[in-house]
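# Report on the structure
Listed here are the chains, written in short residue letters.
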Amino acid sequence: MKTARLTRRFVITSLLTLLVPIVLFAPQAYAESYVGGQIGMTFPQALSSGDVTQHGIGGLGVSDQPLKNSFMLGAKLGHYFTKARWVGIETGLSFANPHVKEGSLTFSGSGGPPVSSGTLSGLSHRMVIWDVATVVFRYPGYRLQPYVGFGPALYFASLKGPTAPPGQSATAIGMNVEGGLRYYMTRRVALFGEMQYHRARLGYTSNDNNDAADPFGFRATYSALTLSLGVSYHF
């Protein structure tokens, strides 16, 4: 319940952060807004700094779990103001499947040597990231516009074993950092290339009281670099 309340509070605060500048500045100037779509590749790091939360074995550390590269699909909605053409606000949604590779696992006690090891079957891993309110800074050139941005992100992840028993899901607040280059083919249509870095501490704990769950419940750090190409329409 506490996590749900914090998540709702974060979403409301982020939406206000996104909408307040529009309300304050839109009457003063003609706005440049845009909507876009993108496709790319996500290159994730291994799930790291793992702590087991599963009932009966909680408190153990777990070794890093390598992830596979994945295709990414995304969409963006952004807004710039003519009173400050170099700064804007953006929200985006992306989907990827950085599945967990099959491999070995090592469990260890707090600060101690390994206590056991085993083999981890490949896991289905789905990741949805909502870049809630990214502050974007651009060079407002005529056709070619480099840009950078940063802001909070909301992560929705799920893990399931190969036989599809009850899995684990996670919701967490993390960060998004991005940079890219946009080229305007016309006044309305632009191409862009972008690099994004995402990082969050995820708790895959939705079924950590269920002995049949696969995988077991744990917390770990997720981070990934994504390279993408996209098209945006400006209005």
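First, a word on what this report is: a plain description of the structure on this page. Since we're looking at a predicted model, the values are computed, not measured. (Residues numbered from 1 in each chain as written. Predicted model: local features only at pLDDT ≥ 70, side-chain atom pairs only at ≥ 80, totals over all residues. Heavy atoms only, no water.)

Our next topic: the packing of aromatic side chains. Two measures describe an aromatic ring pair: the distance that separates the ring centres and the angle between the ring planes. Per the stated rule, a full pass over the model turns up eight aromatic pairs. Between Phe137 and Phe150, the ring centres sit 6.3 Å apart and the planes meet at 25°, which makes this aromatic pair stacked. Here Phe137 is found in strand 8 (residues 124-138), whereas its partner Phe150 is found in strand 9 (residues 144-160), with 13 residues between them in sequence. Taking relative accessible area as the criterion, Phe137 reaches 31% and is therefore assigned partly exposed. Residue classification places Phe150 among the partly exposed positions, given a relative accessible area of 49%. Arranged with centres 5.1 Å apart and planes meeting at 25°, the rings of Tyr204 and Phe218 form a pair that is stacked. With Tyr204 in strand 11 (residues 189-204) and Phe218 in strand 12 (residues 218-234), this pair connects stretches of sequence that are 14 residues apart. The burial state of Tyr204 is the same as that of Phe218; both residues are buried. (Phe/Tyr/Trp six-rings, centres within 6.5 Å; stacked < 30°, edge-to-face > 60°. Helix = DSSP H or I, 4+ residues; strand = E, 2+ residues; numbered from the N terminus. Buried < 20%, exposed > 50% of the residue type's maximum accessible area, 1.4 Å probe, protein only.)

Once that is clear, we can look at the nonpolar core. Taken as a class, soluble globular proteins show a tendency for nonpolar side chains to be buried jointly. One finds Leu47, Met127, Tyr155, Leu202, Tyr204 and Tyr222 to be the most contacted residues of the largest nonpolar core, which totals 25 residues. Of all the elements in the fold, those that place two or more residues in this core are strand 6 (103-108), strand 8, strand 9, strand 10 (168-184), strand 11 and strand 12. In this view, Tyr204 contacts Leu47, His125, Met127, Ala157, Leu159, Gln168, Ser169, Ala170, Phe216, Gly217 and Phe218; residues no more than four positions away in its chain are not counted. (Core = buried A, V, L, I, M, F, W, Y, C linked by side-chain atoms within 4.5 Å. Contact = heavy atoms within 4.5 Å.)

Right, let's get into unusual backbone geometry. A cis amide bond, omega 10°, links Asp214 with the succeeding residue Pro215. With respect to the helices and strands, the residue Pro215 is situated in the loop between strand 11 and strand 12. Its identity is not glycine, yet Ser49 carries a phi of approximately 55°, on the positive side. For Ser49, the position within the fold is in strand 2 (residues 48-52). On the accessibility criterion, Ser49 (48% relative accessible area) is partly exposed.

Our focus in this paragraph is the pairing of strand 4 (residues 70-81). Examined bridge by bridge, strand 4 and strand 5 (residues 84-96) share 10 bridges and lie antiparallel to one another. In the strand pairing of strand 5, Met72 is matched with Ala96. The turn joining strand 4 and strand 5, which pair antiparallel and follow one another in sequence, is formed by two residues. (Pairing = 2+ DSSP bridges.)

In this structure, strand 8 lies alongside strand 9, joined through 12 bridges in antiparallel fashion. Each bridged residue has a counterpart across the sheet, and for His125 the counterpart in strand 9 is Leu159. Hairpin connection between strand 8 and strand 9: a loop of five residues separates the two successive antiparallel strands. Two strands pair when backbone bridges link them, and strand 9 and strand 10 are joined in this way by 16 bridges, in the antiparallel orientation. Bridge pairing in strand 10 places Gln145 opposite Arg182.

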